[in-house]
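Working through the structure, step by step
What follows is the residue order along each chain.
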Amino acid sequence: RTMLKIENLTATVGEEDEAKTIINGLDLEVPAGEVHAIMGPNGAGKSTLSYVLTGRDGYEVTGGSATLNGEDILGMDPEERAAKGLFLSFQYPVEIPGVPVMTFVRAAMNSQRKARGEDEISAPDFIKKSRELGQKLKLDADMLKRPLNVGFSGGEKKRLEIYQMMMLEPKFLILDETDSGLDIDALKTVSDGVNAMRSPDRGMLVITHYQRLLDHIQPDKVHVLAKGRIIATGGPELAHRLEKEGYDGVLGEVA
Ligand code: ADP
Ligand code: MG
Ligand code: MG
């Protein structure tokens with residue numbers, strides 16, 4: 001069963017008169033239960049794709065379609081997309097002074113529940129869920145009471161992101177691992193989180209510039225994004241080939 005289906009998508013970034021086409025005829029399908037990786041050179045449009053899918057301001061779709069479980073998501077506002085279960089990691093990398101992590105996550109959970117016409121989670125249920133997950137992720141209970149991301153180390157921020165993600169139980173999740181230097185511990189945190197989230201009714205898109213994350217995640221498919229579209233698709237071996245040969249080989253073959 002296909003969860004995410006993107007057909008001939010084109011999208012621009014920037015103000016009207018200076019709008020640049022960054023996504024340029026992109027096709028992609030991710031079935032439920034699968035983890036797909038997207039790799040590609042810097043500036044290929046990987047992050048742009050994730051912003052277009054989640055509906056961030058400043059990104060305009062100029063053609064094509066994107067559906068989640070058969071529903072057009074491009075016509076929805078970002079909150080509706082989130083309520084449908086679409087989750088982009090690093091959606092909240094900002095420091096929010098004064099707002100404790102738990103308060104923030106509870107508000108996010110309740111806004112999604114509300115959009116789905118569900119009741120708010122009760123305080124005891126929330127605390128129980130949060131405590132269980134916190135223990136699993138080895139998060140200090142005090143940490144969850146501190147303001148979001150303020151004064152956390154890189155590794156702690158990563159674990160907090162995984163905590164937020166797992167609390168929200170997204171149906172389809174997009175991880176944009178940017179090109180930031182993840183150390184080994186952070187890499188393990190992220191990959192353990194992704195692996196724990198694998199489920200027959202959940203789809204995942206892991207965007208990464210480097211192959212090493214995929215040593216821990218083992219994607220079902222690897223796609224290469226270049227010049228705004230998917231130019232090659234393969235299994236995990238494709239990621240290894242890219243690591244060895246760089247993108248030039250694959251790009252040359254396609255050209
Ligand atoms: P990747 O994540 O693959 O490294 P991005 O999606 O971040 O690539 O960027 C793709 C291209 O779009 C780059 O050339 C980048 O400079 C350009 N771009 C991204 N955001 C903006 C923006 N807000 N305004 C203008 N150009 C942008
Ligand atoms: Mg980049
Ligand atoms: Mg990027």
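Everything discussed here concerns the structure shown above.
A short tour of the structure in this document, coming up.

Rules used in this analysis
Residues numbered from 1 in each chain as written. Chains lettered and ligands numbered in written order. Predicted model: local features only at pLDDT ≥ 70, side-chain atom pairs only at ≥ 80, totals over all residues. Core = buried A, V, L, I, M, F, W, Y, C linked by C-beta atoms within 7 Å. Buried ≥ 20, exposed ≤ 12 C-beta atoms within 10 Å, placed from the backbone. Contact = placed C-beta atoms within 7 Å. Pairing = 2+ DSSP bridges. Helix = DSSP H or I, 4+ residues; strand = E, 2+ residues; numbered from the N terminus. Near = placed C-beta within 6 Å. Nonpolar A, V, L, I, M, F, W, Y, C, P; charged D, E, K, R; others polar. Axes fitted to C-alpha atoms, helices over the stretch in contact; angles between N-to-C directions. Parallel < 35°, antiparallel > 145°, perpendicular 65-115°, else oblique. Left-handed = near helix turned anticlockwise from the far one by under 90°.

A few words on the nonpolar core. Residues Ile174 and Val206 are the most contacted members of the largest nonpolar core, which totals 61 residues. Contacts of Val206, omitting those with residues within four sequence positions, involve Val35, Ala37, Leu175, Val194, Ile217 and Pro219.

Of the strand pairs in this sheet, strand S1 (residues 2-13) and strand S4 (residues 59-68) are connected by eight bridges, and their pairing is antiparallel. Bridging across to S4, Ala11 finds its partner in Val61. One ladder, built from two bridges, connects S4 with strand S5 (residues 71-72); its direction is antiparallel. The partner of Thr67 across the bridge, within S5, is Asp72. The turn joining S4 and S5, which pair antiparallel and follow one another in sequence, is formed by two residues; a positive phi near 50 degrees is taken by Asn69.

As a further point, take the site of ligand 1. Taken together, 13 residues are adjacent to ligand 1, and Gly43, Ala44, Lys46, Ser47 and Thr48 come closest. Elements that contribute at least two residues to the shell around ligand 1 include exactly strand S2 (20-31) and helix H1 (46-54). Examining the composition of the shell around ligand 1, we find that three residues originate from one element, H1, more than from any other. Among the residues forming the shell around ligand 1, the class breakdown is three nonpolar, eight polar and two charged.

This part is about unusual backbone geometry. Within the chain, Lys138 stands out as a residue other than glycine whose phi angle is a positive 55 degrees. Position of Lys138 relative to the elements: it lies in the loop between helix H4 (123-136) and strand S8 (147-148). Residue class for Lys138 comes out exposed when judged on the 9 C-beta atoms lying within 10 Å of it. The phi dihedral of Lys227 falls on the positive side, at around 50 degrees, and the residue is not glycine. Residue classification places Lys227 among the partly exposed residues on the basis of 17 C-beta atoms within 10 Å.

This part takes up the packing of helix H3 (residues 101-115) against helix H5 (residues 154-168). Orientation of H3 relative to H5, taken along the N-to-C sense of each, is 30 degrees, at an axis distance of 10 Å. By the angle between their axes, H3 is roughly parallel relative to H5. Helix-helix and strand crossings are classified by hand; for H3 and H5 the assignment is right-handed. Taken together, the residues of H5 that come into contact with H3 (itself represented by Val101, Val105, Ala108, Met109 and Gln112) are Leu160, Gln164, Met167 and Leu168. When grouped by side-chain class, the residues that make up the contact of H3 with H5 number seven nonpolar, two polar and no charged.

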